[in-house]
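Here's the letter readout for the chains.
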Amino acid sequence: MIVVDANRPTRRHGIPPKLLQCEFASVGLKPVASRMLTGGESYFMAFTIAGPRPQPTDIKGCKA
């Protein structure tokens with residue numbers, strides 16, 4: 001999976017890369033590539049499956 005987003009607070013319609021990594025790790029994904037995009041605060045991050053998909057009731061959210 002590839003995500004392209006802005007490195008800014010979620011209240012400003014973005015998500016910091018560390019928060020994205022945490023949220024995706026909670027559903028069994030790990031980052032395999034990431035980089036900042038030219039011209040601002042945008043970045044992309046690619047993920048792969050790292051483990052079994054948890055049950056919805058077992059997913060814990062991350063703190064921003």
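Residues numbered from 1 in each chain as written. Predicted model: local features only at pLDDT ≥ 70, side-chain atom pairs only at ≥ 80, totals over all residues. Heavy atoms only, no water.

Q: Before we go on, may I ask you to explain the nonpolar core in this structure?
A: Buried together is how nonpolar side chains tend to be arranged in soluble globular proteins. Grouped together as the largest cluster of nonpolar side chains are 10 residues: Val3, Ile15, Leu19, Leu20, Phe24, Leu29, Tyr43, Met45, Phe47 and Cys62. Going through the elements one at a time, α1 (17–25) and β3 (42–49) are the ones with two or more residues in this core. Other than its neighbours up to four places away in sequence, Ile15 contacts Asp5, Ala6, Asn7, Arg8, Thr10, Leu20 and Tyr43. (Core = buried A, V, L, I, M, F, W, Y, C linked by side-chain atoms within 4.5 Å. Buried < 20%, exposed > 50% of the residue type's maximum accessible area, 1.4 Å probe, protein only. Helix = DSSP H or I, 4+ residues; strand = E, 2+ residues; numbered from the N terminus. Contact = heavy atoms within 4.5 Å.)

Q: What exactly am I supposed to notice about the pairing of strand β2 (residues 29–36) here?
A: Across 7 bridges, the pairing between β2 and β3 is antiparallel. Bridged to Ser34 within β3 is Met45. (Pairing = 2+ DSSP bridges.)

Q: Sorry, what's going on with the sheet that holds strand β1 (residues 2–6) here?
A: Strands belonging to one sheet form pairs held by backbone hydrogen bonds; the direction of such a pair is parallel or antiparallel. Judged by pairing direction, the sheet is antiparallel, and its 3 strands sit side by side in the order β1-β3-β2 without closing on themselves. Looking at the sheet topology across the chains shown, the edges are occupied by β1 and β2. Adjacent strand axes in the sheet meet at a mean angle of 25°, parallel and antiparallel pairs treated alike. The pairing of β1 with β3 spans 5 bridges and is classified as antiparallel. By the bridge assignment, Val4 is partnered in β3 with Phe44. (Axes fitted to C-alpha atoms, helices over the stretch in contact; angles between N-to-C directions.)

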